[in-house]
Amino acid sequence: MSVPSGPKMCRCGFVRPDGSHGLRLYCRTSRCVYAGVVEHSVYVHPAARGRGVGRLLLAALIASTEAAGIWTIQSCIFPENTASVALHRTAGFRVVGRRERIGRHHGRWRDVLLIERRSPVI
């Protein structure tokens, strides 16, 4: 994955043509002070879970963002998605907070965990 850097970066990612796996990256803001902060989402098709696809996607994300000078990757995860929380912890992410009732999903209010990974090399 090639990651553009600087304040103009808005979106990039990889999604398989069949939509089964993917990784997306978003800038948090156009302010230069946050040029090294991105938000990501990762999706692995249920039939492919447990095969290391998520780990490979996150490894590619980390390598490409560090090469582009990105110092923080963040995301939000539903607290009950324990597999995603564990996957991200394995990749060096940590939970930095919980946002309560931040969004509605299928008609009910949902909390999310705010996670981040700070690069040890940037």
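What counts as what
Residues numbered from 1 in each chain as written. Predicted model: local features only at pLDDT ≥ 70, side-chain atom pairs only at ≥ 80, totals over all residues. Heavy atoms only, no water. Helix = DSSP H or I, 4+ residues; strand = E, 2+ residues; numbered from the N terminus. Buried < 20%, exposed > 50% of the residue type's maximum accessible area, 1.4 Å probe, protein only. Contact = heavy atoms within 4.5 Å. Areas by Shrake-Rupley, 256 points an atom, 1.4 Å probe, with all protein chains shown as cover. Polar contact = N/O pair within 3.5 Å; in protein donor to acceptor, adjacent residues only side chain to side chain. Patch = residues over 30% accessible without salt bridge, like charges linked within 9 Å, V, L, I, M, F, W, Y side chains within 5 Å. Salt bridge = Lys/Arg side-chain N within 4 Å of Asp/Glu carboxyl O. Pairing = 2+ DSSP bridges. Right-handed = clockwise from strand over helix to strand, strands pointing away.

## Some words on the overall build of the protein
So, point 1. Each helix and strand counted, the protein has 2 helices and 6 strands in total.
So, point 2. Listed by position from the N terminus, the elements making up the protein come as β-β-β-α-β-α-β-β.
So, point 3. The buried share of the protein, reckoned over its 122 residues, is 37%.
So, point 4. A sequence separation of at least 24 residues applies to 51% of the contacts in the protein between residues at least 6 apart.
So, point 5. For the protein, the exposed surface amounts to about 7,500 Å²; the carbon and sulfur share of it is 52%.

## What to know about the side chain of R117
So, point 1. By the secondary structure assignment, R117 is in strand β6 (residues 108-118).
So, point 2. Of note is the side chain of R117, whose polar atom sits 3.1 Å from the side chain of E66.
So, point 3. Within the structure, R117 has its side chain in polar contact with the backbone oxygen of A91 (distance 3.2 Å).
So, point 4. Residues contacting R117, with those up to four places away along its chain left out, are I62, E66, W71, T72, I73, A91, G92 and F93.

## Some thoughts on a nonpolar patch on the surface
So, point 1. A cluster of nonpolar side chains, contributed by W71, V121 and I122, occupies part of the molecular surface with about 280 Å² of accessible area.
So, point 2. By the element assignment, V121 lies in the segment after β6.

## Focus: the pairing of strand β3 (residues 37-44)
So, point 1. Relative to strand β4 (residues 72-77), β3 is paired through 3 bridges, and the arrangement is parallel. Its bridge partner lying in β4, V38 is registered against I73.
So, point 2. Handedness of the crossover is the feature at issue here: the chain leaves β3, passes through helix α1 (residues 53-67), returns alongside β4, and the resulting connection is right-handed.

## Details of the environment of S84
So, point 1. Along the chain, S84 turns up in helix α2 (residues 82-90).
So, point 2. Of the residues examined, S84 reaches a relative accessible area of 14% and is grouped as buried.
So, point 3. When the C-alpha atoms of S84 and V42 are compared, they prove to be 9.1 Å apart, with 42 residues separating the residues in sequence.

## A closer look at the side chain of D111
So, point 1. On the secondary structure map, D111 appears in strand β6.
So, point 2. In this structure the side chain of D111 is engaged in a polar contact, spanning 3.1 Å, whose partner is the side chain of R98.
So, point 3. A distance of 2.7 Å separates a polar atom in the side chain of D111 from the backbone nitrogen of R101.
So, point 4. Residues within four places of D111 in sequence aside, it is in contact with F78, P79, R98, R99, E100 and R101.

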